[in-house]
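# Residue-level structure breakdown
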Protein chains: 2
Amino acid sequence: MSAYDDLCTLARERALLSTTAAVLGWDQETCLPPAAVPYRAAQLAHLSGQIHQLATSAPWLKALEGAEADPPTDPTAAANIREFRHHFDRATCLPRKLVEEASTASSLGKAAWGEARERSDFSIFAPHLETLLDLARRQADLWGYAEEPYDALLENYERGARTSDVVRTFDSCQEDLASIASEAVERSKSIPNDLLLGHYPLADQQTLNQEIAESIGFDFEAGRIDTVTHPFCTHLGPHDTRLTTRYDQTEFTSSLFGVLHEAGHGMYDQGLRESEHGLPSGDAVSLGIHESQSRLWENHVGRSRPFWERWYPRATELFPHLAKVSLDDFLRTINRANYSCIRVESDEATYDLHILLRVDIERRMLRGELQVADVPKAWNESFEALFGFPVPDDAHGCLQDIHWSMGGLGYFPTYSLGNLNAAQLFNAARRETSIQSAFDNADFQPLLTWMQQNVHTPGSTLFPQDLMKQATGETTNPAHHLAHLRERFLP
Amino acid sequence: MSAYDDLCTLARERALLSTTAAVLGWDQETCLPPAAVPYRAAQLAHLSGQIHQLATSAPWLKALEGAEADPPTDPTAAANIREFRHHFDRATCLPRKLVEEASTASSLGKAAWGEARERSDFSIFAPHLETLLDLARRQADLWGYAEEPYDALLENYERGARTSDVVRTFDSCQEDLASIASEAVERSKSIPNDLLLGHYPLADQQTLNQEIAESIGFDFEAGRIDTVTHPFCTHLGPHDTRLTTRYDQTEFTSSLFGVLHEAGHGMYDQGLRESEHGLPSGDAVSLGIHESQSRLWENHVGRSRPFWERWYPRATELFPHLAKVSLDDFLRTINRANYSCIRVESDEATYDLHILLRVDIERRMLRGELQVADVPKAWNESFEALFGFPVPDDAHGCLQDIHWSMGGLGYFPTYSLGNLNAAQLFNAARRETSIQSAFDNADFQPLLTWMQQNVHTPGSTLFPQDLMKQATGETTNPAHHLAHLRERFLP
């Protein structure tokens, strides 16, 4: 056994523990009786402790140093050693006390945020945000960064990304995004918003969701769909990927697009190489790439004409009152643009504006230019400037998202990176004419195969931007997303 | 910190791991995608290894020896130290190789049994049963026993029980059980068996089950009911007790009695002291006591007249076609006796005969008096002698139960012990006239309170037979169960 083999064995043991924690987490979101929450927290804390201990242990370091001293020639192994080193250094440079403080601050922060949002009272959350911000700064200082502390946080979600590059990318398209959104909203005013309202029985929605998810390639032998309040997708180990959605019986598209979105995430996880499970080469590379897959299937596939030429007859079979809505009207309705205060309810045309606002605010907080107490005012001013109308209250403003309360500063940029990457990957795939013509005939298998080969299979062996370059010929370029939005909303 | 405190801390850490394994096990039975089974086995094997390692570790032994050398005066602590020693000795006297062999034999055995039962072909399972029997004998020799190897296996399920005592108890009532069964079946022939057939929508069955489980005291803040093929109840930690059931839309009583049975198990688990969680004093004492609680709520409560005087109007509300069936006819139908080949489909009057048959066969196997190859013949002869008609095939005979395939020799007696204990505890509780009169008015809370105080709260601080003596004034005595059966089936 080489030192590299030892390292892989330890990493696979770590994966047994982390996937076990993932099962406990999934169960907590979907099944856990309310009174059992505190004990579940104790189980998860114990597992986290074990994972941290193993991944910072002397045997781990010995295997890592041994592998570095005598590196295998295989490029996958080399990439794994690079990633193992990165994660080891980040895990060991934080003192245990800080890790525990951060964990406690996140638990308390989430609870306070929930209450603050419910009462729309920012003052309940403000002291927690102070603490979380202070912790984020201290973590960033220990992790180190090239240009600004935000780099160190972004690194948690987007390996190798530099804040200045991401911001330059966003800045370069902000004006176009705003003008497309504005015109799309204006044009959409003529589209009625109640055309699809009716009664859509739960069981029939589930049937349609299942048939569609299966047909686009989500493997139900290795996954399932459950119902929750806040939908997500989680990967619990090889052959175990679980989607969740929620249902509204007065219309069927929100659960369906939710399932398409989460199935996009799920098919990425199902596309990772089983032989590499537990190693970086078997791990998803970044949230910005993960989100590209969910947005691809939700928007580029799921809101396209070929998709609905294939599926609208089936929907009409299950929901006979749709027969009175033509396919054209249906397509116009599901691609209607509208300004909303709430990010998660936003359409494609306006979504990115929500992200740009958040990224700007969290960077200013982190640099100390914006005080926590001034966040609501800054949010409301930015919102009105971007969207043209005021936020009614903080629950619909700076308190709407859970991310900061969990200590997740640096997470938001990955949503828009996902949108940009989705359009770019979609265009790259369709340069192969067989993929384009299959797509036009609602055969999405060749598109999935391309994504599996170019996006899923590499795991974390490449940095996200290197993966984009290898798959599409260029790093993330907003031109594709802008062109897509124009074609869809301003034809 | 005393050595005893150290021991409790280690035991609570062990409980974090074992409850985590229990969550994974529950998920496997209820949710796991088929392709994920092998990885789940790896996760569970790793957790088992960790648990075994911790519970046989040097720190554990040191704390145990320290606690024994300087025992706390508190009787609960003394009982815990006694149980810790017992479990430590049993865990450490088996070589690791044997533990692994047993685990593998059980996995392979279950798979082979499934196939053998499906094809009704004993020869597929026979070599596995040889291996499992050999392993059981080797384990029994290492664990040690007072009179016969079966004692050492029974100890896994029924702490402190001696086979000769259990068999003497069963022998003393076998003739009466057989004659009650025979007369009950004869009398039941005049009761039609199709009176309740109809359409019972799933959702309405779930409503009724939930209302009833809640009303008898199952706490849904700390538990839930799910749907599976093979119903069970599992305790995943403090405030997390999960029942399962299955549904037949042509009649509602089988899912309901299933829920009452599992809720009986569940309320025992919910009645354990949270402060003692992870310690023997917070653990259920034995399967024979556990089963007493499930049979109490399923049969003594759930098939009683007061219970249905309370609930039949509600059932009729949910299932209007029941209105044509009188309460008297309904009660006769749910208390109809009938010989069945299958244990799990048996009624109260005939159930114990199935157990006596199994106990006799597994003792003869273990003593070497019955060869594996001769099991089907022995089973079929015993069955015909007890039930008066032949078994159609091995799938309905010696292949029907999973227990032996998991290595669970010694488990079966606990089912009949549960029946005997249920009747005896029920009688003891009703000696308090307030409990009897509340029961007659379908108020079962005082009965539950009595069970909590006398059966649940002690945990494993008493041996099962000492608990029975303390709660009822005598050790397990079949007279109560026989009297109950006579009153119910031969009034």
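Residues numbered from 1 in each chain as written. Chains lettered and ligands numbered in written order. Predicted model: local features only at pLDDT ≥ 70, side-chain atom pairs only at ≥ 80, totals over all residues.

### Here we look at the overall build of chain A
Note the following rule: In this text, helices come from DSSP runs of H or I with a minimum length of four residues, and strands from runs of E with a minimum of two, each type numbered from the N-terminal end. Exposed residues have 12 or fewer other C-beta atoms within 10 Å of their own C-beta, buried residues have 20 or more, and partly exposed residues fall in between, where C-beta atoms are placed from the backbone. A pair of residues counts as a contact when their C-beta atoms, built from backbone coordinates, are separated by no more than 7 Å.
On a plain count of helices and strands, chain A comes out with 20 helices and three strands. Counting only C-alpha atoms and orienting by the principal axes, one finds that chain A spans roughly 70 × 50 × 50 Å. The 491 residues of chain A split such that 43% are buried. Partitioning the intrachain contacts of chain A with sequence separation of at least 6 by distance along the chain shows that 71% fall at a separation of at least 24.

### Structural notes on the pairing of strand 3 (residues 241-245) of chain B
Residue and element names in this part refer to chain B. Here is the rule we go by: DSSP calls a pair of strands paired once it identifies at least 2 bridges connecting them.
Counted residue by residue, strand 3 has five buried out of five residues, so it is predominantly covered. Covered by surrounding structure in strand 3 are T241, L243 and T245 together with R242 and T244, the residues of both alternating faces. Note that strand 1 (residues 223-227) and strand 3 share five bridges and pair parallel. Within strand 3, the position partnered with R224 by the bridge is R242. As defined by bridge partners, strand 2 (residues 233-235) adjoins strand 3 across three bridges and the pair is classed as antiparallel. Across the sheet, the residue bridging to H235 is T241, located in strand 3.

### Some remarks on helix 18 (residues 445-456) of chain A
As a reminder of what qualifies: Read the arc as the range of directions from the helix axis to the C-beta atoms.
Restricting attention to buried positions, one finds in helix 18 of chain A the residues L447, L448, W450, M451, V455 and H456 of chain A. What you see down the axis of helix 18 of chain A is that its buried residues fit within an arc of 160°, all on one side.

### Thoughts on the interface of chain B and chain A
Going by this rule: The classification used treats Ala, Val, Leu, Ile, Met, Phe, Trp, Tyr, Cys and Pro as nonpolar, Asp, Glu, Lys and Arg as charged, and all other residues, Gly among them, as polar.
Facing the 24 residues of chain B at the interface are 24 residues of chain A. Residue assignment for the side of chain B that touches chain A shows that the elements contributing at least two residues are helix 1 (3-30), helix 2 (37-55) and strand 1 of chain B. The element that contributes the greatest number of residues to the side of chain B that touches chain A is helix 1 of chain B, accounting for six residues. Here the side of chain B that touches chain A is composed, by residue class, of 13 nonpolar, seven polar and four charged.

### Digging into the domain arrangement of chain A
Residues and elements named next belong to chain A. Where we set the bar: Domain start and end points were adopted from an automatic or database domain assignment.
Under the domain assignment, chain A is made up of domain 1 (1-92) and domain 2 (99-491). Taking only C-alpha atoms, the centre of domain 1 and the centre of domain 2 are 27 Å apart. Taken together, the 19 residues of domain 1 in the interface contact 16 residues of domain 2. Listed by contribution, the elements that provide at least two residues to the side of domain 1 that touches domain 2 are helix 1 (3-30) and helix 4 (75-92). Here the side of domain 1 that touches domain 2 gets 12 residues from one element, more than from any other, and that element is helix 1. Its residues assigned to classes, the side of domain 1 that touches domain 2 comprises eight nonpolar, six polar and five charged.

### Looking at the sheet that holds strand 1 (residues 223-227) of chain A
Paired through backbone hydrogen bonds, the strands of a sheet run either parallel or antiparallel to each other. Residues and elements named next belong to chain A. How we decide: Between N-to-C directions, angles cover 0 to 180 degrees, with each direction set by a line fitted to C-alpha atoms, over the stretch in contact for helices.
Strand order in the open sheet made by the three strands is 1-3-2, with mixed pairing throughout. Edge positions in the open sheet fall to strand 1 and strand 2 (233-235), since each of these has one partner strand only. Each adjacent strand pair in this sheet contributes to an overall mean axis angle of 20°, direction not counted. Docked against the sheet, helix 1 engages strand 1, strand 2 and strand 3 (241-245), running at close to 155° with respect to strand 2.

### A look at the confidence of the model for chain A
Operational definition: What pLDDT reports is the predictor's confidence in each residue, on a scale of 0 through 100.
Looking at chain A as a whole, its pLDDT mean stands at 96, while 100% of the residues score no less than 70. For this predicted complex, the interface confidence reaches an ipTM of 0.92, while the overall pTM sits at 0.93.

### Regarding the relation of the copies chain B and chain A
The test is simple: In this comparison the copies share one frame, found by least squares on the C-alpha atoms of residues holding pLDDT of at least 70 in both.
Structural alignment of chain B on chain A gives an RMSD of 0.0 Å, achieved by rotating through 180° and translating 0.0 Å along the axis. Each copy turns onto its partner about a two-fold axis. A symmetric contact is evident, with 100% of the interface residues of chain B recurring at the interface of chain A.

### A short note on the environment of L366 of chain B
Residue and element names in this part refer to chain B. Along the chain, L366 falls in helix 14 (residues 348-366). Taking the number of C-beta atoms within 10 Å as the measure of exposure, L366 has 21 and is therefore buried. Each C-alpha atom of the pair L366 and F387 lies 25 Å from the other, and the pair is 21 residues apart in sequence. In contact with L366, not counting residues within four places along its chain, are L133, A136, R137, P149, Y150 and L409.

### Notes on the sheet that holds strand 1 of chain B
Residues and elements named next belong to chain B. The strand order across the open sheet formed by three strands is 1-3-2, and the pairing between neighbours is mixed. One side of each edge strand has no neighbouring strand; the edge strands of this open sheet are strand 1 and strand 2. Between one strand axis and the next, the sheet turns through 20° on average, direction left out of account. Across the sheet, helix 1 lies against strand 1, strand 2 and strand 3, angled at about 155° from strand 2, the strand it touches most. Against the sheet, helix 10 (residues 253-271) engages strand 1, strand 2 and strand 3, with an angle of about 165° to strand 3.

### Focus: unusual backbone geometry
Residues and elements named next belong to chain B. Positive phi outside glycine occurs at S120, with the angle close to 50°. Take S120: it is sitting in the loop between helix 5 (96-119) and helix 6 (122-143). Overall, the presence of 14 C-beta atoms within 10 Å leaves S120 in the partly exposed class. Residue A442 is not a glycine yet carries a positive backbone phi of 60°. With respect to the helices and strands, A442 occurs in the loop between helix 17 (433-440) and helix 18 (445-456). Its 16 C-beta neighbours within 10 Å are what place A442 among the partly exposed residues.

### Considering the nonpolar core
Applicable threshold: We define a nonpolar core as a collection of buried residues of the types Ala, Val, Leu, Ile, Met, Phe, Trp, Tyr and Cys that are connected via C-beta atoms lying within 7 Å of each other.
Membership of the largest hydrophobic core comes to 47 residues, with the highest contact counts inside it found for L132, A136, L153, I180, A181 and A349 of chain B. Shared between two domains, this core holds at least three residues of each, these being domain 1 (3-148) and domain 2 (149-491) of chain B. Beyond its immediate chain neighbours, meaning those up to four positions away, L132 of chain B contacts A105, G109, W404 and G407 of chain B. Counting 46 residues, the second largest nonpolar core, distinct from the first, contains W113, Y157, C173 and A184 of chain A.

### Some remarks on the packing of helix 14 of chain B against helix 15 (residues 375-387) of chain B
Residues and elements named next belong to chain B. Selection rule: Definitions for this section: a left-handed crossing has its near helix turned counterclockwise from the far helix by less than a right angle. A right-handed crossing has that turn clockwise.
The N-to-C vectors of helix 14 and helix 15 enclose an angle of 145°; their axes lie 10 Å apart at closest approach. Classified by chirality, the crossing of helix 15 by helix 14 is right-handed. Within the contact between the two elements, helix 14 uses L353, L357, D360 and I361 and helix 15 uses V375, A378, W379, S382, F383, L386 and F387.

### A look at the packing of helix 9 (residues 202-216) of chain A against helix 10 (residues 253-271) of chain A
Residue and element names in this part refer to chain A. Under the convention used in this document: Roughly parallel refers to an angle under 35 degrees, roughly antiparallel to one over 145, roughly perpendicular to one between 65 and 115, and oblique to any angle outside these ranges.
Taken N-terminus to C-terminus, the directions of helix 9 and helix 10 make an angle of 30°; their axes are 10 Å apart at the nearest point. Accordingly, the angle class assigned to the pair helix 9 and helix 10 is roughly parallel. The handedness of the crossing between helix 9 and helix 10 comes out as right-handed. Each of Q205, L208, N209, I212, A213 and I216 in helix 9 lies in contact with helix 10, whose residues at this interface are S255, L256, V259 and A263. Tallied by class, residues from the contact of helix 9 with helix 10 come to seven nonpolar, three polar and no charged.

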